[in-house]
Amino acid sequence: MTSTPATSPAMTSAAETASAAPAAEADGTALHGPVTDWFDEHARDLPWRRPEAGAWGVMVSEFMLQQTPVTRVLPVYEQWLARWPRPADLAAEAPGEAVRAWGRLGYPRRALRLHAAASAIQERHGGDVPREHAQLLALPGVGEYTAAAVASFAYGQRHAVLDTNVRRVFARAVTGRQYPPNATTAAERKLARALLPPDEQLAARWAAATMELGALVCTARGPECHQCPIAAQCAWRLAGSPAHEGPPRRTQSYAGTDRQVRGKLLAVLREAVAPVPQQVLDTVWDEPVQRARALDGLVSDGLVEPLGGGRYRLPHT
C-alpha cells in the first residue's frame, strides 16, 4: 500500500461533502469505465463466471460464498456441480445429502436452504432457475442479495448487488469512510442504485467488477491503493485515509464456541453411513452442557434428525 496524501482543509471538506451528499445525487459515471476496464484485465477465472456454469452454477456459488473464502469454496463447488448439475438432481436427494456434501464450508443451514430452493425450482419453474427478480426472491433461502446476484450475474440484469466487498468499495470511494456500517443500511442501498449504470449489460459488469475490486484490491485490512483504478477519485484517500470512527467492527471467534461444537458433531454424522448413537457423539466434546446445547440447536435447525434409542442422523425429509 502506498502512502496517502496529507490531509488539507479542502480535501477534508470535499470528503465530508461526498459523505453527506444524498445517495440520489451520487453519479458513478466517472467510476464505471475505470472499474470495468480493470475488471476486464484482472478478473479471476472462476468456474461460476464461465458461460457453462449457467444460472444454477451461479446460484450454488452465491450460497457457498456467503461468509466463506473462494479458496475453500472451489473444491466443494466443483464436487457439488459434478454430482448435482441441475436443481432437479439435488431436489431428488434427501436434504441430509446436501448437508453431507457441504463438508466444512461452515454455516451448514445454507445447504438445507439450497436444497429447499432446488426443490422449489423443480416444483414451481420446471427445474429452471427463474429469471425474474421477484421469482428468485420468492425461493426458500434466497434473500435480496442472492436474488440480485443471480439476476445480475446469470442473466445480465440491472440490479444493485451489495455484498461486503462492494459495500466497502462504496464506503471508501464515495462516502469517504474506511468501513461501511456493520449491517447494510437503506442509505447504502439507495447509493448503490444511484451508482448503477443505466445500461443493463454494463450494470451487470459493474456489479461483478466492484465486487472483485473489493475482494482483490480494496480489502478490509490492507487496501492496495496503488493498484486501484479509481484511487485518484477515492473520497477516503482524498481525506487522508481517516481511521474508522463508527461502532467497533464485529469479529467472529470460533474456538470454544457452540459453532465449533456443532461442527464437530456434524462431522461425525457426515462420515457415518448409519444412525449414530448418543454415546459416540458424547466423545466429540468434553463439556456436556455445551455439547447438549449444540446438539439441540442442530436438531432445532433441521440439520440433525433424532431417532429412537438415542440415535441421530442427517435429515432424510
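Everything that follows concerns the structure shown earlier in this document.
The residue numbering used here restarts from 1 in each chain and proceeds along that chain's sequence as written. Local features are withheld for residues below a pLDDT of 70 in this predicted model, meaning they are given only at 70 or higher, and side-chain atom pairs are given and counted only at 80 or more; totals for whole chains, interfaces and linings count all residues. As a convention, hydrogens and water are excluded, and side-chain values are obtained from all of the structure's heavy atoms.

### As for the overall build of the chain
Argument step 1. Per the convention used, a helix needs a DSSP run of H or I reaching at least four residues, while a strand needs a run of E reaching at least two, with both numbered from the N terminus. A count of helices and strands for the chain gives 16 helices and three strands.
Argument step 2. Along the three orthogonal principal directions, the C-alpha set of the chain runs to about 75 × 45 × 30 Å.
Argument step 3. Relative to its 317 residues, the chain shows a buried fraction of 47%.
Argument step 4. When charges are counted, Lys and Arg are positive and Asp and Glu negative, with His and the chain ends excluded. In this description, the location of a charge corresponds to atom NZ of lysine, CZ of arginine, CG of aspartate or CD of glutamate. Averaging the positions of the 34 positive and the 32 negative side-chain charges in the chain gives two centres separated by 5 Å. With a 1.4 Å probe rolled over the protein chains alone, any residue whose accessible area is under 20% of its type maximum counts as buried; one over 50% counts as exposed, and the rest are partly exposed.

### Section: the state of the cysteines
Argument step 1. Here, the term disulfide refers to a pair of cysteine sulfur atoms separated by no more than 2.5 Å. Tallied over the entire structure, the rule returns zero disulfides.
Argument step 2. The thiol of Cys225 is not disulfide-bonded; the next cysteine sulfur, from Cys234, is found 6.6 Å away.
Argument step 3. Its relative accessible area of 8% is what places Cys225 among the buried residues.

### Here's the deal with the sheet that holds strand E2 (residues 305–307)
Strand-to-strand pairing in sheets goes through backbone hydrogen bonds, with the strands running parallel or antiparallel.
Argument step 1. Two strands form a pair only when DSSP identifies at least two bridges running between them. Ordered by their spatial adjacency, three strands build an open sheet running E1-E3-E2, and the pairing between neighbours is antiparallel. The open sheet is flanked by strand E1 (276–277) and E2, the only strands paired with a single partner.

### With respect to the pattern of salt bridges
Argument step 1. Salt bridges are identified by distance alone: a Lys or Arg side-chain nitrogen within 4 Å of an Asp or Glu carboxyl oxygen. Counted according to the given criterion, the structure contains 14 salt bridges.
Argument step 2. In this structure, Asp40 engages Arg205 in a salt bridge whose closest nitrogen and oxygen atoms are separated by 2.8 Å. Of this pair, Asp40 sits in helix H2 (residues 29–42) while Arg205 sits in helix H12 (residues 200–216), and the two are 165 residues apart along the sequence.
Argument step 3. A salt bridge links Arg313 to Glu305; the shortest N-O distance between them is 3.0 Å.
Argument step 4. With relative accessibility at 24%, the residue Arg313 sits in the partly exposed group.
Argument step 5. One salt-bridge network, held together by shared partners, links Arg83, Glu93, Glu97 and Arg100.

### Let's talk about the environment of Ser241
Argument step 1. Position of Ser241 among the secondary structure elements: in the loop between helix H13 (235–238) and helix H14 (258–271).
Argument step 2. Taking the C-alpha atoms as reference, Ser241 lies 8.7 Å from Arg172; in sequence the two are 69 residues apart.

### Details of the packing of aromatic side chains
Argument step 1. Centres within 6.5 Å make a pair out of two Phe, Tyr or Trp rings, where for Trp the six-membered ring is used; the pair is then stacked when the planes are under 30 degrees apart, edge-to-face when over 60, and tilted otherwise. In this structure the tally under the stated criterion is four aromatic pairs.
Argument step 2. Their ring planes at 75 degrees and their centres at 5.0 Å tell us that Trp48 and Tyr77 sit as a pair that is edge-to-face. With Trp48 in the loop between H2 and helix H3 (54–65) and Tyr77 in helix H4 (residues 70–83), this pair connects stretches of sequence that are 29 residues apart.
Argument step 3. Tyr77 gets classed as buried once you look at its relative accessible area, which sits at 4%.
Argument step 4. When the ring of Trp80 is compared with that of Trp102, the centres are 5.7 Å apart and the planes differ by 80 degrees; the resulting orientation is edge-to-face. Residue Trp80 is found in helix H4, and its partner Trp102 is found in helix H6 (residues 95–102); the two are separated by 22 residues along the sequence. Like Trp102, Trp80 is buried.
Argument step 5. The structure contains a cluster of three or more aromatic residues connected by ring pairs, namely Trp80, Trp84 and Trp102.

### Points about the packing of H14 against helix H16 (residues 288–300)
Argument step 1. Relative orientation of the contacting elements H14 and H16 amounts to 70 degrees, with a least axis distance of 9 Å. Put simply, H14 runs roughly perpendicular to H16. Two packed elements cross with a definite hand, and for H14 against H16 that hand is right-handed. In this structure, H14 contributes Asp258, Val261, Arg262, Leu265 and Leu266 to the contact, and H16 contributes Gln290, Arg291, Arg293, Ala294, Leu295, Gly297 and Leu298.
Argument step 2. When residues are sorted by character, Ala, Val, Leu, Ile, Met, Phe, Trp, Tyr, Cys and Pro go into the nonpolar class, Asp, Glu, Lys and Arg into the charged class, and all the rest, Gly among them, into the polar class. When its residues are assigned to classes, the contact of H14 with H16 shows six nonpolar, two polar and four charged. Lines are fitted to the C-alpha atoms to define the axes, a helix being fitted only along its stretch in contact, and any angle between axes, read from their N-to-C directions, falls within 0 to 180 degrees. If an angle is under 35 degrees, it is roughly parallel; if it is over 145, roughly antiparallel; if it lies from 65 to 115, roughly perpendicular; otherwise it is oblique. A crossing counts as left-handed when the near helix is turned anticlockwise from the far one by less than a right angle, and as right-handed when that turn is clockwise. We call two residues contacting when some pair of their heavy atoms lies within 4.5 Å.

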